[in-house]
Amino acid sequence: MSVLFVDIVGSTALVDRLDPEDVRAVQRAYFDTVAGVLRRWQGVVEKYIGDAVMALFGARTSDGFDAYRAVRAGLEIQRELDRRALPGGVAIRVRVGVATGEAVVDLAAARDGGHGAASGAVITTAARLQEYAPPGGVVCCAATHRATAGLMAQRRLTPVTVPGRAPAMEVWHALAPAAPRPGRHDGPLVGRRREVATARDRIVQAVRERSPRWVSVVGPSGSGRSRLLDELTRTVDAVDGVPVRWCVAACPPYPDEPLAPLARLLSGVAGAGAREPAPVVGERLAATLAGLLPPSRLATALPALERLLAAPDDTPSTAEGVAWCQEVLLRLAARGPLVVAVDDLDRAAPAVDRFLHALFVAAAARELPLAVVALHHPDRAAALPAAPGSGTPAESGCRVTLGPLAPVQTGRLLRQLLTRAGQPASLVTRLLPLVGGNPGHATAYVHSLAHGTNRAAPPLPESVGRVVGADLDRLDGTRRAVLMAGAVLPPGFTADEVERVLDWSPGRVPPALSALVAAGLLLRHAGGGYALASPALRRVAADRLPRRFRAAFTQRAADVVLSQRLRRADLRRGPAGPAGGPATPAGEVPAGPAPHRPATRRQAPPVHPAGAAAPRPVPVSAASRIEPAAAEFRGGPVPATPGGGSVADGSPRISPVLAESRVAPPTVASPAVESDGPEVRRAGRAPLGVVRGARTEAVPPWARPVRPEPVPDVRPRPVPGLEADELPGPVVLAGTIGIAPGSAPAGPRQAQRVPPPWAELSAA
């Protein structure tokens, strides 16, 4: 999240020369202006400190542009104060500091005037930054600078030394919003051949049949929507020898003018660049319209279009320009094939969406070779428009969905990116499980490696964390809680497992899982169940959990996974008894020799004291086996079970696996998670941890074993008469993972280290 801190320059001298009544009037006008600007940019006033105001951006929800909105608000505060006539003719200058980082936010208190809603070092940093800002200026930290790169024009200042911190802190002076720059798409397109072919066929169909087509390219952030559009503009340049004209616009985040994409379309019609001044664009537009409109209509259309270019606001003064813009595009389509493409349509104002639909319907009525390509997030995937006389929307439009790349395609993309960045191609194997088939994430990871990130353990790039966090914040409380619970469970989790982790009543989770699949945040796992769409989403969702919920979720997830493993072991035994023997009642272990295990799992030879007869296991129910194992894993007392007791020397029957992987129980209660509650806003941190003593281990519980301080008197003592090379592996028996009885081993066996229970979760 981002924190803005604004304070008046020279407030002490101002108060000394004014009467108390005038001071009060000036303060009211000042606070009124600041609060109005902050609300307009979706900021929350956290507190008033004398003449200073502290605001939070991204406190309740984040859209990935929290830092951008904070900087824009800081620049607008000074402009609004300059425009406002303050009592007594007083002129106020302010300093603004903006810092971006990690904070703990109380969502219930995240409202205007909610004192103490946020805590973290980022708040102190913002207060320190405003002290170094010039009067009327906005100063940003390095994290804010990186978050607004390409969106704001900034100038680097001399690093400042903050007391108690080392080294010196980098600061940047924010000047103004930057003009949009076209994205660079170098190198071949990887893994999107089918999607490109589908969109290209629809455009060709619109040209040949002179019937408009609507193509929606839908995909999550980083899926390569803009890259696919660039490929279409280069490959679909002609159909049957007839040139195809492209008019492309992109919707910037929070534009000053809602109709800016339409102005960009007009600039494209005139052949002008995005950074050229309005007079130049107007001259080129006049030359272009001279061949499209008769002189009588040109005299009316040109001034209206120039007003739209100068101030593309959604006001009555620009309504005429919008109508003429539609007419110009239709006349261009009448002369030759035309494709109108708008990228990031989910950021556009409703007026832009209405314009595109009206253009599509008008082109269908005139039977023009026009295609509309709309690129947006899955959340905005509305119903496809139907052209008049075309029947169903499926006949006039199609939806191209961009899913994750296959591992082979992801590896090829990573190899290309690493080679171009001058990094060794051997890093592909390290980055492949972190990327999760997302091209944008692959680019971000390679970019971070090129700038000196640790190759052994690459952290989550800040840009990826912001985008994924915005996807998480688009969800309501129920779906967000379900996603966070899924982040602490291994891939392939079910609705029942999520309900047990959240401690919710049955039936509440399945609708949320279906909605998350539709939003592209969950995928159907190959082995059944669900899995998070990307490793980055898993890391961000798990990292959002506060410490007390993290401990509770980790304990419950451990119980759930252990219970499921024991149930699967029962299912593998089957309902029938040994060959030729009687059937075993459901839920009981068959008597007699242990059944044969699959070759993929370690077969443990039976162990018993030398010369002693092998005892027969006692049939026990599945429930009596699960509870003792779960209790032992939690660190509590192990209930007595049939067939339990001790090994040959009388020591307790406790698994060496559980003894090595015991997790310290949480020191707080494990409340059920509801829609609201505190969240941790983190940027670029490690994944979810598990409790180890008094600190948190940054590893999910299913990823690798947790090895805390050894627990005394829990490991089984050696069996007399058994050599070291005859040590067996563990098998499940009577509620614990112990030593299986049976016949003596056939011969010496190489000693092996017993794997922890989490190591076999993927296979299970």
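Preceding block: the structure.
Conventions we followed
Residues numbered from 1 in each chain as written. Predicted model: local features only at pLDDT ≥ 70, side-chain atom pairs only at ≥ 80, totals over all residues. Heavy atoms only, no water. 1 Å grid on protein atoms, 1.4 Å probe; cavity = no way out; pocket = protein on both sides within 12 Å on 5 of 7 lines; lining within 4 Å. Points joined across faces, edges and corners; volume = space filled by probe spheres on them. Nonpolar A, V, L, I, M, F, W, Y, C, P; charged D, E, K, R; others polar. Pairing = 2+ DSSP bridges. Helix = DSSP H or I, 4+ residues; strand = E, 2+ residues; numbered from the N terminus. Axes fitted to C-alpha atoms, helices over the stretch in contact; angles between N-to-C directions. Contact = heavy atoms within 4.5 Å. Phe/Tyr/Trp six-rings, centres within 6.5 Å; stacked < 30°, edge-to-face > 60°. Buried < 20%, exposed > 50% of the residue type's maximum accessible area, 1.4 Å probe, protein only. Salt bridge = Lys/Arg side-chain N within 4 Å of Asp/Glu carboxyl O. Parallel < 35°, antiparallel > 145°, perpendicular 65-115°, else oblique. Left-handed = near helix turned anticlockwise from the far one by under 90°.

Trainee: How do you make sense of empty space enclosed by the protein when you look at a structure like this?
Mentor: Gaps between atoms show up when a probe of the same size as a water molecule is rolled over them. Applying the stated rule across the entire model yields 6 cavities of 30 Å³ or more. In this model, the second largest cavity occupies a volume close to 80 Å³. Residue lining of the second largest cavity: I8, S11, L14, V15, L18, V23, V26, Q27 and D51, and that is the complete set. Grouping the amino acids of the lining of the second largest cavity by side-chain chemistry returns 6 nonpolar, 2 polar and 1 charged.

Trainee: Whenever I open this one, the sheet that holds strand β9 (residues 171–177) confuses me. Can you help?
Mentor: Sheet strands pair via backbone hydrogen bonds, and the direction of the pair is either parallel or antiparallel. The mixed open sheet is built from 7 strands, whose spatial order is β2-β3-β1-β4-β7-β9-β8. Unpaired on one side and paired on the other, β2 (44–49) and β8 (152–156) mark the two borders of the sheet. Going from strand to strand, the sheet's axes swing by 25° on average, the running direction of each strand aside. Bridging between β8 and β9 involves 5 bridges; their strand directions are antiparallel. Across the sheet, the residue bridging to Q154 is A174, located in β9. Against the sheet, helix α4 (residues 121–131) contacts β1 (2–8), β3 (52–57), β4 (94–100), β7 (138–141) and β9, and its axis sits at roughly 145° relative to β4.

Trainee: Help me out: how do you make sense of the packing of aromatic side chains in this one?
Mentor: Within a pair of aromatic rings, the relevant descriptors are the distance that separates the centres and the angle that separates the planes. Under the counting rule described, the total for this entry stands at 6 aromatic pairs. Note on W214 and F360: the rings are 5.7 Å apart at their centroids and 85° apart in plane angle, and the pair reads as edge-to-face. Linking W214 in strand β10 (residues 213–218) with F360 in helix α12 (residues 350–366), this pair joins segments that are 146 residues apart in sequence. Overall, the relative accessible area of 3% leaves W214 in the buried class.

Trainee: Sorry, what's going on with the pattern of salt bridges here?
Mentor: Opposite charge on two side chains permits pairing when their charged atoms draw close. By the definition in use, this model includes 26 salt bridges. Among the salt bridges present, the one from R208 reaches D240, with a minimum N-O distance of 3.1 Å. One end of the pair, R208, is in helix α6 (residues 193–209); the other, D240, is in the loop between β11 (238–239) and β12 (242–243), and 32 residues separate them in sequence. In this structure, R208 and D240 share a single accessibility class: exposed. Sharing partners across several salt bridges, the network here consists of R227, D230, E231 and R234.

Trainee: Explain the sheet that holds strand β16 (residues 397–401) here, please?
Mentor: Taken in spatial order, the 5 strands make up an open sheet running β13-β14-β15-β10-β16, and their pairing is parallel. Of all strands in the sheet, those bounded by a partner on one side alone are β13 (245–250) and β16. Averaged over all adjacent pairs, the angle separating strand axes in this sheet is 15°, with direction ignored. On top of the sheet, α6 reaches β10, β13, β14 (338–343), β15 (370–376) and β16; it is set at about 165° to β16, its chief contact. The strands touched by helix α11 (residues 316–335) within the sheet are β13, β14 and β15, with β14 carrying the most contacts at an inclination of about 135°.

Trainee: What am I meant to see in the environment of R539 here?
Mentor: On the secondary structure map, R539 appears in helix α21 (residues 535–543). Exposure remark for R539: the relative accessible area of 14% places this residue in the buried category. With 71 residues separating them along the chain, R539 and V468 place their C-alpha atoms 9.5 Å apart.

Trainee: Is there a simple way to think about the pairing of β1 in this case?
Mentor: Residues in a regular strand project their side chains so that they alternate between the two faces of the sheet. Of all 7 residues in β1, 6 are buried, a share of seventy percent or more. One ladder, built from 7 bridges, connects β1 with β4; its direction is antiparallel. The residue of β4 that forms the bridge with S2 is T100. Note: β1 against β3, 5 bridges, orientation antiparallel. Bridged to F5 within β3 is M54.

Trainee: What is the right way to look at the packing of α11 against α12 in this model?
Mentor: A pair of packed helices is characterised by two quantities: the angle between their axes and the separation of those axes. Close contact between α11 and α12 brings their axes to 10 Å; oriented N to C, the two are set at 40°. Taken together, the axes of α11 and α12 are oblique relative to one another. Note on packing geometry: the crossing formed by α11 with α12 is right-handed. Side by side, α11 and α12 meet where V322, C325, Q326, E327, L329 and L330 of the first sit next to F355, A358, L359, A362, A363 and R366 of the second.

Trainee: Mind showing me how you'd approach the environment of D543 here?
Mentor: Of note, D543 is situated in helix α21. When the C-alpha positions of D543 and M484 are compared, they lie 8.7 Å apart, and in sequence the two are 59 residues distant.

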